[in-house]
Amino acid sequence: MGRGGGGWGFAFRGAPAKVADVQESETIQCPFCGQSNDLVLDTSVASQRFTTDCEVCCRPFEVFAECEPGEVLSVEVPAN
Ligand SMILES: [Zn+2]
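Remember, predicted model here, so these are calculated numbers, not experimental data.

Colleague: Explanation requested: the sheet that holds strand β5 (residues 71–76) in the structure shown.
Modeller: Sheet strands associate in pairs through backbone hydrogen bonding, adopting either a parallel or an antiparallel arrangement. Sheet architecture is open: three strands sit in the order β3-β4-β5, paired in antiparallel fashion. The sheet is open, and its two borders are formed by β3 (47–53) and β5, each paired with just one other strand. On average, each strand axis in the sheet is tilted by 30° relative to the strand beside it, whichever way the strands run. Bridge analysis of β3 against strand β4 (residues 60–68) gives seven bridges, and the strand direction is antiparallel. By the bridge assignment, Thr52 is partnered in β4 with Phe61.

Colleague: Whenever I open this one, the environment of Gln23 confuses me. Can you help?
Modeller: As for its position among the elements, Gln23 is in strand β1 (residues 23–29). Considering only alpha carbons, one finds Gln23 and Leu41, 18 residues apart in sequence, at a separation of 5.5 Å. With residues near it in sequence (within four places) discarded, Gln23 still touches Val40 and Asp42.

Definitions and limits used
Residues numbered from 1 in each chain as written. Predicted model: local features only at pLDDT ≥ 70, side-chain atom pairs only at ≥ 80, totals over all residues. Pairing = 2+ DSSP bridges. Helix = DSSP H or I, 4+ residues; strand = E, 2+ residues; numbered from the N terminus. Axes fitted to C-alpha atoms, helices over the stretch in contact; angles between N-to-C directions. Contact = placed C-beta atoms within 7 Å.

What follows is the structure in structure tokens.
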């Protein structure tokens, strides 16, 4: 009973999540040109900060996201 030989170990409770279920798409707004960009987030990472390029004006900007597995709690684009 209990834990099979896994590798993951600590983060998941209950049944293992399917990998596809942790990816969620969100729409964010470019701080430079104001256009919407679609973004795919890995919700298995609780708190993440990364830089992405705007699809419209190609400028890089920072994105800060908070997630639970399978759900995006918040996405922010901090103003510089
Ligand atoms: Zn832009």
